[in-house]
Amino acid sequence: EVQLQASGGGLVQAGGSLRLSCTASGFSFDDYAIGWIRQAPGKDHQGVSCMSSSDGSTYFDESVKGRFNISSDKVKNTVYLEMSSLKPEDTAVYHCAAGPLRAYGHCWLSLNFGSWGRGTQVTVSS
């Protein structure tokens, strides 16, 4: 069974930084896309970042490009989201997600239709 646990959220001032962590189990990193999806009140979910194990490619939503970075530690079965220059509009629950690449052949789709963790709250004050 896929297990995803996100942590590291909190309250931060605009312009500040946070690092989120996701520990994963129940699947092989070689077969899965893994990344982050966020949900804000009154808004639909939004893909933030995705990492593909097939070639190591990383992808970012335009709204966070240049400010967020995704990385992984395979030994620790952990994926990180480093966030800087945070804005109030970044406020959301951030979910770690993972899905099989073979089923969809696309990083974002693998996340969307894969397994989601319960998420961690990020609040950015103005």
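Up top is the structure these notes are about.
Please read these numbers as outputs of a predicted model, since none were measured by experiment.

Novice: Just checking my understanding: could you explain the state of the cysteines for this structure?
Specialist: Note on terminology: disulfide describes a covalent bond linking the sulfur atoms of two cysteines. Overall, the coordinates contain two disulfides when judged by the stated rule. The disulfide that involves Cys 22 links it to Cys 96, with 2.0 Å between the sulfurs. The sign of the -80° torsion about the S-S bond sets the Cys 22-Cys 96 disulfide as left-handed. A residue pair is termed long-range when its members are at least 10 positions apart, and Cys 22 in strand E3 (residues 18-25) and Cys 96 in strand E9 (residues 92-100) qualify at 74 residues.

Novice: Hey, could you run me through the nonpolar core in this one?
Specialist: Counting residues in hydrophobic clusters, the biggest one holds 28 residues, and the most contacted among them are Leu 4, Ile 34, Trp 36, Phe 68, Leu 81, Met 83 and Tyr 94. Of all the secondary-structure elements, those providing two or more residues to this core are strand E1 (3-7), E3, strand E4 (32-39), strand E5 (46-52), strand E7 (68-73), strand E8 (78-83), E9 and strand E11 (120-125). In this structure, Ala 33, Ile 37, Cys 50 and Ala 97 belong to the second largest nonpolar core, which totals seven residues.

Novice: Help me out: how do you make sense of the sheet that holds E7 in this one?
Specialist: Spatial ordering of the open sheet is given by E1-E3-E8-E7, a layout of four strands whose pairing is antiparallel. Edge positions in the open sheet fall to E1 and E7, since each of these has one partner strand only. Taken over all neighbouring pairs, the strand axes of this sheet differ in orientation by 15° on average, direction set aside. Pairing of E1 with E3, which is carried by five bridges, proceeds in the antiparallel orientation. Counted as the bridge partner of Ala 6 is Cys 22 from E3.

Cut-offs and rules
Residues numbered from 1 in each chain as written. Predicted model: local features only at pLDDT ≥ 70, side-chain atom pairs only at ≥ 80, totals over all residues. Heavy atoms only, no water. Disulfide = S-S within 2.5 Å. Helix = DSSP H or I, 4+ residues; strand = E, 2+ residues; numbered from the N terminus. Core = buried A, V, L, I, M, F, W, Y, C linked by side-chain atoms within 4.5 Å. Buried < 20%, exposed > 50% of the residue type's maximum accessible area, 1.4 Å probe, protein only. Pairing = 2+ DSSP bridges. Axes fitted to C-alpha atoms, helices over the stretch in contact; angles between N-to-C directions.

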